[in-house]
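Chain by chain, the residues:
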Amino acid sequence: MPRLKRIYDWFEQRLQVEGPVKEAVLHKVPRNTASWWYVFGSAAFTLLMLQIVTGILLALVYVPSAAEAWNSLNILNHQVPLGWFLRAIHAWGSNFMVAVVFIHMAQVFLFGAYKFPRELTWTVGVFLLLMTLGMAFTGQVLRFDQDAYWGLGIGVFILSRVPWAGGALVHLLLGGPTIAGETLTRFFALHVFVIPGMLLFLVAVHVWMVLKLGINEWPMPGRLVRKETYIAEYNKLAHEDGIPFVPGAFWKDLIFSGAVLAAVAICAAVFGPSGPGGQPDPSITQTVPKPDFPFLWIYAVLSYLPPSMETPFIVLAPIAMVAGLLAVPFVAGEGEKSWHRRPIAVLALSMVAVSWAVFTHLAMLTPWSPHMNAWSGDTLPVEYLREATPLVRQGAVIFQAKQCRNCHSIGGHGGERGPTLDAVATRMTPDQMRYKVVTGGGNMPAYGKNLSPPEIEALVSFLETLHPKNEPPAFDASQQAAESSGAPAAGSGSRTP
Amino acid sequence: MRRGALALVLPLVFALTGCGRLPGARAEATPARPEDVLDFHTLYSTNCQACHGANGHNGPAMELGNPEYQALVDDATLRKWISGGMPGTEMPAFAQSAGGMLTDAQINAIIAGMRKEWGSPSAFAGATPPPYAATQAGDVRRGQQAYQARCASCHQKPSRQQVTSPAYLSLVSDQALRTIIIAGRPDIGQPDWRLTDANGSARPLAAQDVTDIVTYLGSLRNPAAVSAAPIPVPRGGTQ
């Protein structure tokens, strides 16, 4: 033992880290910060370490070339022992990290922990969030399967909407005008060198400030933050009713980080790695690509936006969001910390959380792109055609052939960009349906130029049959009167020569 | 010490041997490229069944699963329609050479699969049907008479009259009509060419009858007569 001590001393004499480390480890924090609410930051840090370790291991096998990337992931999945598990851990670690970072941020926001003197900690944190998302996005691209390809395609489409610089930005990101081999090398560099480098640097700054400024005390209603008095108040609190950071507060961090790691391992073992799905190839359009979950909501929002709003939204929304986040500590740097006295903050947070959940849910439930195969692959329910007349049968063929099915579901199958049409005849008269088909509107293409009169008649007579047996189709009262007085029914399905 | 090592090694061994069986482990083969799929059922259900029905029956378009249809038509004809589409109908062209998604090998796999699944050597029970394709010209007047004599018994009911409507006929080709008359469509109740006469005794249509009827129906085809009703601006007043 004395020999060990001597070696230790030899190093300590030269490095002199004992003092700072002791200070960091033993510095007093207010007793009530040793709470289960304060564990998310350290969990994010643990997950970052996990991602670095698993990422390095993955890089040993992964080949960042367009020709080899997809194959090398399949080799990992099927040939390298436990390679699939490594991929699964890295993928799930990423999902967890994004989630934990968001929760951490929500907690900091709710606890007013961004207020004086921790404004810069929050600002750096916002950039850490962006880099975490950047890692998740670039990582998804490295999978270089169909999801990655189309996910990136839409990301690029978003970028290309930036006024003036759009084209140049796309070129910079993709290494050319299209997604190709250079794109993958670029994303590899981003994912492995550029973003992690910045991430680690900013994490160091972030943690340094947490240690130096102390952990935010538990917010009490009525205890206001004032720039003149806060530091003194905090020091008093930490010294009079404080405990050393280690082990007083630290054991909860350890336990929670351990639990998160276990959860990652369990998810990895049960759900496995994600993909790689089909080969990335622009010529394969028989696919329903889906981006990873942190980005799902964006695609849902985009698919629900009217086209005229897309560009302003795409360009302005991200800027507004980041600017809003950065502004938080400078707008509300003083005053109440407790959520009991900050109704607007609580409402804002709940609103963001609910909208995010709703859009993610929508994006998971309803495909945000049309079902490309529905027209040739989804059958019509047999009972819908049982009573069909020849014209109705032709209408059904046209319905399939003109790819109406890619956007409209029938019998539970088909795309969901447009409303399901199982009972459309109870909502619309034949005239209204004909009008809709011919003129389109509201994300429904206008078919007027692409359908001949017989095709329109057949199509409408098929749509007219789409109503439940016990529920009569909608009809136009004035037209019925005309019909019964002998005027020809305008294109009704049972018209005879 | 030794026990400690065992305690370390055992879980490791368990982990390494058991992990392959965890639910997340990837066992399934890597996804094939769409153009490498040669399985008939996959090809049929992703490309054809929306129009021709699951298993070739009950779809809005031709009943490909009808054994009589399979016996009537030869491979070259099938290949022609599937590759290049059927002019005058909504049957799309599937061959890559015609802008479709399927390779020639896939089209051959579909044809072979239809023969195997739906073909039957005894489909006609010894009878000889009229040829698949018309061989001589038809005559409208004779066709009208034949239609009245042989088809009208079923097709004069108001709900079945559409067979002679210009709108319906504008959407089907002569060949599709001919195929339906000869091979029938058991799934919708259309009999094959071996119709019974008014007394209920079998009196199959002759090849010339079929051609004449198709010519007659073709003469009624007149897309211009189908004016799509003027597009009214819908009034809100639905009930």
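Remember, predicted model here, so these are calculated numbers, not experimental data. (Residues numbered from 1 in each chain as written. Chains lettered and ligands numbered in written order. Predicted model: local features only at pLDDT ≥ 70, side-chain atom pairs only at ≥ 80, totals over all residues. Heavy atoms only, no water.)

Visitor: Hey, could you go over the overall build of chain A for me, with residue numbers and the actual values?
Guide: Check the secondary structure of chain A and you find 21 helices and 2 strands. Split into buried and exposed, the 497 residues of chain A put 45% on the buried side. Pairs at least 24 residues apart make up 79% of the contacts formed inside chain A by residues separated by at least 6 positions. Counting only carbon and sulfur atoms, one obtains 70% of the accessible surface of chain A, whose full area is about 24500 Å². (Helix = DSSP H or I, 4+ residues; strand = E, 2+ residues; numbered from the N terminus. Buried < 20%, exposed > 50% of the residue type's maximum accessible area, 1.4 Å probe, protein only. Contact = heavy atoms within 4.5 Å. Areas by Shrake-Rupley, 256 points an atom, 1.4 Å probe, with all protein chains shown as cover.)

Visitor: Account for the overall build of chain B, with residues named and values stated.
Guide: Of the regular secondary structure elements, chain B holds 10 helices and 0 strands. The buried share of chain B, taken over its 239 residues, is 41%. Surface summary for chain B: the accessible area is close to 12500 Å², and the carbon and sulfur share equals 58%.

Visitor: Describe the packing of helix H3 (residues 40–61) of chain A against helix H5 (residues 83–110) of chain A, and please don't skip the residues or the numbers.
Guide: Residues and elements named next belong to chain A. At a minimum axis distance of 9 Å, the contact between H3 and H5 shows a crossing angle of 155°. With respect to each other, H3 and H5 are oriented roughly antiparallel. For the element pair H3 and H5, the recorded crossing hand is left-handed. Note on element contacts: H5 touches H3 through Leu86, Arg87, Ile89, His90, Gly93, Ser94, Phe96, Met97, Val100, Val101, Ile103 and His104, opposite Phe40, Gly41, Ala43, Ala44, Leu47, Leu48, Leu50, Gln51, Thr54, Gly55, Leu57 and Leu58. The residue inventory of the contact of H3 with H5, partitioned by class, reads 15 nonpolar, 8 polar and 1 charged. (Axes fitted to C-alpha atoms, helices over the stretch in contact; angles between N-to-C directions. Parallel < 35°, antiparallel > 145°, perpendicular 65-115°, else oblique. Left-handed = near helix turned anticlockwise from the far one by under 90°. Nonpolar A, V, L, I, M, F, W, Y, C, P; charged D, E, K, R; others polar.)

Visitor: Break down the environment of Ala54(B) for me, with residues and values.
Guide: Along the chain, Ala54(B) falls in the loop between helix H3 (49–52) and helix H4 (67–72). For Ala54(B), a relative accessible area of 39% corresponds to the partly exposed category. Setting aside residues no more than four positions away along its own chain, Ala54(B) makes contact with Thr379(A) and Gln49(B).

Visitor: Would you mind going over unusual backbone geometry in detail, with residue names and values included?
Guide: Along the chain, Phe116(A) connects to Pro117(A) via a cis peptide bond; the corresponding omega equals 0°. Residue placement: Pro117(A) occurs in the loop between H5 and helix H6 (119–142). In this structure, Gln16(A) takes a positive phi of about 55° despite not being glycine. Within the fold, Gln16(A) resides in the loop between helix H1 (2–15) and helix H2 (18–26). The backbone phi angle of Asn58(B) is positive, close to 65°, even though this residue is not glycine. Positionally, Asn58(B) belongs in the loop between H3 and H4. A relative accessible area of 32% places Asn58(B) in the partly exposed class.

Visitor: Please provide a residue-by-residue account of the side chain of Asn216(A), values included.
Guide: Residue and element names in this part refer to chain A. Of note, asparagine 216 is situated in the loop between helix H9 (181–213) and helix H10 (230–240). Overall, the relative accessible area of 4% leaves asparagine 216 in the buried class. A polar atom in the side chain of asparagine 216 sits 3.4 Å from the backbone oxygen of phenylalanine 111. (Polar contact = N/O pair within 3.5 Å; in protein donor to acceptor, adjacent residues only side chain to side chain.)

Visitor: Account for the confidence of the model for chain B, naming residues and giving values.
Guide: Overall, the prediction assigns chain B a mean pLDDT of 83, with 80% of residues at 70 or greater. Reported for the predicted complex are a pTM of 0.67 and an ipTM of 0.84. (pLDDT = per-residue confidence, 0-100.)

Visitor: Can you explain helix H12 (residues 293–304) of chain A? Please cite residues and give values.
Guide: For an α-helix, 3.6 residues make a turn, and residues three or four places apart therefore share a direction. An ideal rise of 1.5 Å per residue puts 16 Å on 12 residues; H12(A) measures up with 17 Å between its terminal C-alpha atoms. Within the span of H12(A), buried status applies to Pro294(A), Phe295(A), Leu296(A), Tyr299(A), Ala300(A), Val301(A), Leu302(A) and Ser303(A). (Expected span 1.5 Å × (residues − 1).)

Visitor: Any details on the packing of aromatic side chains? Residues and values, ideally.
Guide: This model, assessed by the stated rule, comprises 23 aromatic pairs over all chains. Seen in terms of ring centroids, Tyr38(A) and Phe111(A) are 5.6 Å apart; in terms of plane orientation they differ by 90°. Their pairing is edge-to-face. Of this pair, Tyr38(A) sits in the loop between strand S1 (28–30) and H3 while Phe111(A) sits in the loop between H5 and H6; the two residues are 73 residues apart in sequence, bridging distant segments of the chain. Pair check on accessibility: Tyr38(A) and Phe111(A) agree, each one buried. Ring centres of Phe40(B) and Tyr44(B) lie 5.9 Å apart, and the angle between their planes is 35°; this geometry places the pair in the tilted category. (Phe/Tyr/Trp six-rings, centres within 6.5 Å; stacked < 30°, edge-to-face > 60°.)

Visitor: Could you give me a rundown of the side chain of Asn47(B), with the residues and numbers involved?
Guide: By secondary structure assignment, the location of Asn47(B) is in helix H2 (residues 40–47). Not counting chain neighbours up to four residues away, the residues in contact with Asn47(B) comprise Ser376(A), Phe94(B) and Leu102(B).

Visitor: An account of the nonpolar core is requested, with residue identities and associated values reported.
Guide: Counting residues in each nonpolar core, the largest one holds 75 residues, and the members touching the most others are Phe399(A), Phe462(A), Leu463(A), Met114(B) and Ile213(B). Once residues within four sequence positions are removed from consideration, Met114(B) is found in contact with Phe40(B), Leu64(B), Gln70(B), Leu78(B), Ile82(B) and Gly119(B). Tyr114(A), Trp122(A), Cys267(A) and Val328(A) belong to the second largest nonpolar core, which has 35 residues in total. (Core = buried A, V, L, I, M, F, W, Y, C linked by side-chain atoms within 4.5 Å.)

Visitor: I'd love a proper account of the environment of Leu159(A), names of residues and values included.
Guide: Residues and elements named next belong to chain A. Along the chain, leucine 159 turns up in helix H7 (residues 146–160). What makes leucine 159 partly exposed here is its relative accessible area of 25%. For the pair formed by leucine 159 and leucine 169, sequence separation is 10 residues and the distance between their alpha carbons is 7.0 Å. Not counting residues within four places of it along the chain, the set of residues in contact with leucine 159 comprises Gly166, Leu169, Val170 and Leu173.

Visitor: Now, about the pattern of salt bridges: what can you tell me, with residues and values included?
Guide: All names here are of chain B. Within this structure, the stated rule accounts for 13 salt bridges over all chains. Among the ionic pairs, arginine 115 bridges to aspartate 75, the shortest N-O distance being 2.8 Å. Linking arginine 115 in helix H6 (residues 104–118) with aspartate 75 in helix H5 (residues 75–84), this pair joins segments that are 40 residues apart in sequence. When its relative accessible area of 22% is taken as the criterion, arginine 115 is described as partly exposed. Aspartate 192 is paired through a salt bridge with arginine 194; the nearest N and O atoms lie 2.7 Å apart. Taking relative accessible area as the criterion, aspartate 192 reaches 11% and is therefore assigned buried. (Salt bridge = Lys/Arg side-chain N within 4 Å of Asp/Glu carboxyl O.)

Visitor: A description of a nonpolar patch on the surface should follow, citing residues and the corresponding values.
Guide: All names here are of chain A. A surface patch of nonpolar side chains, about 870 Å² in accessible area, is lined by Met1, Leu4, Ile7, Trp10, Phe11, Leu15, Val17 and Val21. By residue number, the principal contributor to the nonpolar patch is H1, which donates 5 residues. By the element assignment, tryptophan 10 lies in helix H1. A residue is classified by how much of its surface remains accessible, and tryptophan 10, at 47% relative accessible area, is partly exposed. (Patch = residues over 30% accessible without salt bridge, like charges linked within 9 Å, V, L, I, M, F, W, Y side chains within 5 Å.)

Visitor: Which residues make up the packing of H5(A) against H6(A), and what values go with them?
Guide: All names here are of chain A. Their axes nearest at 10 Å, the elements H5 and H6 cross at an angle of 160°. In terms of orientation, H5 and H6 fall into the roughly antiparallel class. By crossing handedness, the relation of H5 to H6 is classed as left-handed. Along the contact surface, H5 presents Ser94, Met97, Val98, Val101, Phe102, Met105, Val108 and Phe109, while H6 presents Trp122, Val126, Leu129, Thr132, Leu133 and Ala136. When grouped by side-chain class, the residues that make up the contact of H5 with H6 number 12 nonpolar, 2 polar and no charged.

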